[in-house]
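Structural features, examined
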Amino acid sequence: MSRIAARFKALAAQGRGALIPYLEAYDPDWDTSLELLRKMPAAGADLIEIGMPFSDPSADGPVIQAAARRGLKAGATLAGVLDMVTDFRQQDNETPIILMGYLNPVESYGYERFCRDAASAGVDGLILVDLPPEEADVLAPFAKANKLDIIRLVAPTTSDERLPYVLSHASGFVYYVSITGITGTRSATTHDLEAAIPRLRKVTKLPIAIGFGVRTPQQAANASSIADGAVVASALLSTLAETLDDKGRATAETLPRVLAQIEDLAKAVRSADGKAV
Amino acid sequence: MADPKEHGTSAVHSNSLRHQPDERGHFGGRHGGRFVAETLMPLILELDEAYKVAKADPAFRKELDYYLKDYVGRPSPLWFAQRMTEELGGAKIFLKREELNHTGSHKLNNVMGQILLARRMGRTRIVAETGAGQHGVATATVCALFGLKCVIYMGATDVERQKPNVFRMRLLGAEVVPVTSGAGTLKDAMNEAMRDWVANIADTYMLIGTVAGPHPYPAMVRDFQSVIGTETKAQMKAAEGRLPDVVVAAIGGGSNAMGIFYPFLDDKSVRLIGVEAAGHGLDSGKTAASIERGRPGVLHGNRTYLLQNADGQIEEAHSISAGLDYPGVGPEHSWLHDIGRAEYVGITDNEALDAFQFCTRMEGIIPALESAHAVAYAAKIAPTLSKDTLLVVNLSGRGDKDIFTVAEHLGVKL
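Residues numbered from 1 in each chain as written. Chains lettered and ligands numbered in written order. Predicted model: local features only at pLDDT ≥ 70, side-chain atom pairs only at ≥ 80, totals over all residues. Heavy atoms only, no water.

**Regarding the UniProt feature "active site" (unreviewed entry) in chain A**
Residue and element names in this part refer to chain A. Mapped onto this numbering, the UniProt entry gives "active site" (unreviewed entry) at E49 and D60. As for the annotated residues, the ones lining the second largest cavity are E49 and D60. Along the chain, E49 turns up in strand 2 (residues 48-51). For E49, the contacting residues outside a window of four places in its chain are I20, P21, Y22, L23, I98, M100, I127, Y175 and V231. Considering the arrangement of structural elements, one finds D60 in the loop between strand 2 and helix 3 (62-73). Overall, the relative accessible area of 8% leaves D60 in the buried class. (UniProt positions renumbered as here; feature names shortened; annotations may be inferred. 1 Å grid on protein atoms, 1.4 Å probe; cavity = no way out; pocket = protein on both sides within 12 Å on 5 of 7 lines; lining within 4 Å. Helix = DSSP H or I, 4+ residues; strand = E, 2+ residues; numbered from the N terminus. Contact = heavy atoms within 4.5 Å. Buried < 20%, exposed > 50% of the residue type's maximum accessible area, 1.4 Å probe, protein only.)

**Comments concerning a nonpolar patch on the surface**
Residues and elements named next belong to chain B. On the surface, I403, F404, L410, V412 and L414 cluster together into a nonpolar patch covering about 480 Å² of accessible area. Mapped onto the fold, F404 is located in helix 16 (residues 403-409). Given the relative accessible area of 46%, F404 is considered partly exposed. (Patch = residues over 30% accessible without salt bridge, like charges linked within 9 Å, V, L, I, M, F, W, Y side chains within 5 Å. Areas by Shrake-Rupley, 256 points an atom, 1.4 Å probe, with all protein chains shown as cover. Salt bridge = Lys/Arg side-chain N within 4 Å of Asp/Glu carboxyl O.)

**Let's talk about the side chain of S105 of chain B**
Residues and elements named next belong to chain B. For S105, the position within the fold is in the loop between strand 4 (92-97) and helix 4 (107-120). In this structure S105 comes out as buried when scored by relative accessible area, which is 2%. In terms of polar contacts, S105 uses its side chain to reach the backbone amide nitrogen of K107, at 3.0 Å. (Polar contact = N/O pair within 3.5 Å; in protein donor to acceptor, adjacent residues only side chain to side chain.)

**So, the side chain of T85 of chain B**
Take T85 of chain B: it is sitting in helix 3 (residues 82-88). When sequence neighbours within four positions are dropped, the list of residues in contact with T85 of chain B reads F80, G90, A91, K92 and I93 of chain B.

**Some remarks on empty space enclosed by the protein**
All names here are of chain B. Taken as a whole and judged by the stated rule, the model has 8 cavities of 30 Å³ or more. Quantified by volume, the largest cavity comes out at close to 370 Å³. Going through the elements one at a time, strand 5 (125-130), helix 5 (134-146), helix 8 (186-199), helix 11 (255-261) and helix 15 (369-381) are the ones with two or more residues in the lining of the largest cavity. Of the residues that constitute the lining of the largest cavity, the class distribution is 8 nonpolar, 18 polar and 3 charged. (Points joined across faces, edges and corners; volume = space filled by probe spheres on them. Nonpolar A, V, L, I, M, F, W, Y, C, P; charged D, E, K, R; others polar.)

**Comments concerning the UniProt feature "modified residue: N6-(pyridoxal phosphate)lysine" (unreviewed entry) in chain B**
Residue and element names in this part refer to chain B. Mapped onto this structure's residue numbering, the UniProt feature "modified residue: N6-(pyridoxal phosphate)lysine" (unreviewed entry) falls at K107. Along the chain, K107 turns up in helix 4. In contact with K107, not counting residues within four places along its chain, are Q134, H135, A138, G209, T210, Q225 and S255.

Shown next as structure tokens:
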């Protein structure tokens with residue numbers, strides 16, 4: 001069983017959903033982001049998403065754009081991101097790692113080589129924002145051969161007719177983009193989510209995580225109980241950005257504050273009422 | 001789009017170069033495509049359907065023809081540039097006068113088509129990206145004509161260097177949003193326009209101004225712009241009784257070039273030359289020549305030649321001309337380059353500045369800095385060609401918007 005499947009199964013047995021925090025690789029530098037990654041599981045991360053910085057993150061809001069810029073300024077490369085994961089795996093062989101980013105750096109690295117190197121580094125899944133199922137044939141065979149899950153985004157705009165097509169290309173879990181918009185801007189209501197998730201359940205048995213607009217412990221608890229997990233990204237990156245000095249460098253505040261926020265989120269997710277569905 | 005049937009993707013003549021892209025929007029199986037986030041994907045598919053229906057509808061064609069003639073002012077003349085020809089002493093040079101269109105460039109051809117489509121789709125708010133501001137002005141103009149809400153994203157750098165167009169857009173009632181991310185040029189404006197669209201899907205139509213972006217934009221914009229080539233073909237036959245030998249056009253994203261090239265793709269005797277902005281020089285590191293100095297990659301919804309570093313991060317383009325300052329190019333150009341059907345060359349900032357003045361003094365026509373790149377290359381090769389060579393330059397826009405930039409480079413204070 002893959003790490004992703006094993007983790008969701010274990011959480012289901014505990015009757016709760018997953019907290020999936022996001023960090024941008026190299027933000028604000030390689031060492032700090034690796035240290036954050038290493039400490040996330042103890043702070044309560046059930047799965048971890050690592051953003052691969054890209055120059056043109058057209059689906060992201062200002063907060064993730066700024067994080068990607070800081071990462072690139074610190075010298076981010078895909079090879080360096082994979083090194084982070086290799087390092088992390090020396091101490092943690094259970095927490096699933098999902099890389100999230102845009103297609104071009106991966107195409108530039110080479111699809112086959114990337115899937116091979118990512119798998120051997122210990123990556124479990126890939127979310128490539130601008131690779132819809134229609135174009136996925138460039139990556140899918142290599143991902144499959146290396147047992148990497150391709151996590152599919154589903155949006156409020158994805159019609160009932162289109163859902164089975166999109167989900168037939170999904171593995172690992174399904175990432176529900178809860179708003180029509182860019183990351184870190186607005187939030188879906190509980191009512192929206194309670195209507196949306198059963199629509200997906202009818203078509204897939206995969207776990208479902210909710211992302212885009214999940215900011216507070218309450219929202220995370222809510223999303224992870226309506227679905228099977230909650231992704232928190234911009235809220236954590238905002239906190240990280242607040243702790244940087246005026247030259248954009250990490251301070252003594254950086255790790256403790258971001259980790260404390262993850263602890264608060266985890267506490268809320270763990271004490272949320274049992275699964276709503 | 002003279003004959004909708006002959007532009008369909010279901011080709012009858014399989015040996016024709018005019019039946020790309022395929023159903024997935026791929027040109028030559030490699031370039032183009034639909035690389036967008038899932039939130040946008042259903043919208044792109046809806047647009048594809050709506051465009052197919054409109055293209056097959058004679059009423060749509062009729063409506064578009066009416067506006068092209070009485071509002072845009074088509075057809076645009078094909079002007080024999082006699083003094084320029086005599087001065088250069090070689091090929092016979094003709095200028096396709098797209099700068100005479102309403103709003104001063106070829107951009108209105110596409111905007112007219114897409115806004116009629118947006119109206120058919122019931123959209124009431126238009127968002128667009130703009131570099132030099134020509135596409136933004138064209139969009140703001142047609143939005144004013146139809147009473148549509150209009151939001152234009154423009155890089156902060158471009159807002160600064162194209163002030164007259166910014167003022168024009170605001171006069172026309174558009175909201176101009178300066179984009180400060182990246183280098184504040186066309187690439188960043190495109191990102192921001194896509195972000196707006198994804199957040200406002202219910203009422204908003206995204207009006208891409210060039211032959212790039214996710215399918216169906218590259219094919220659709222080409223279809224709307226191909227009126228340029230269709231007219232050129234007929235006008236040259238009327239003037240000289242035959243096809244031109246060489247067609248030269250400037251390329252940023254490549255819409256004016258694709259518009260004039262497309263009707264000639266199957267006429268093998270016609271040399272097609274796309275002129276990229278070399279900026280400070282092709283090997284200076286400050287260039288916008290995506291085909292000559294880039295490699296294929298994925299940005300803004302399509303696979304095409306891109307200026308990028310070894311890690312696949314997109315690089316900033318550089319050109320004196322804001323309209324060519326883009327690190328990518330339309331996917332159909334990438335394909336035409338790969339198969340060798342069109343040639344792609346570079347012209348530097350300084351060569352374009354010289355051509356700007358040359359065209360102005362020889363013909364009494366002030367070209368846009370974008371179009372001056374095409375004039376510069378034509379002036380370079382004309383003396384090497386025989387006197388019976390017929391060479392057409394697509395004069396895609398007028399240069400009034402550029403006088404401040406040119407004055408600054410010439411050391412003149414206005």
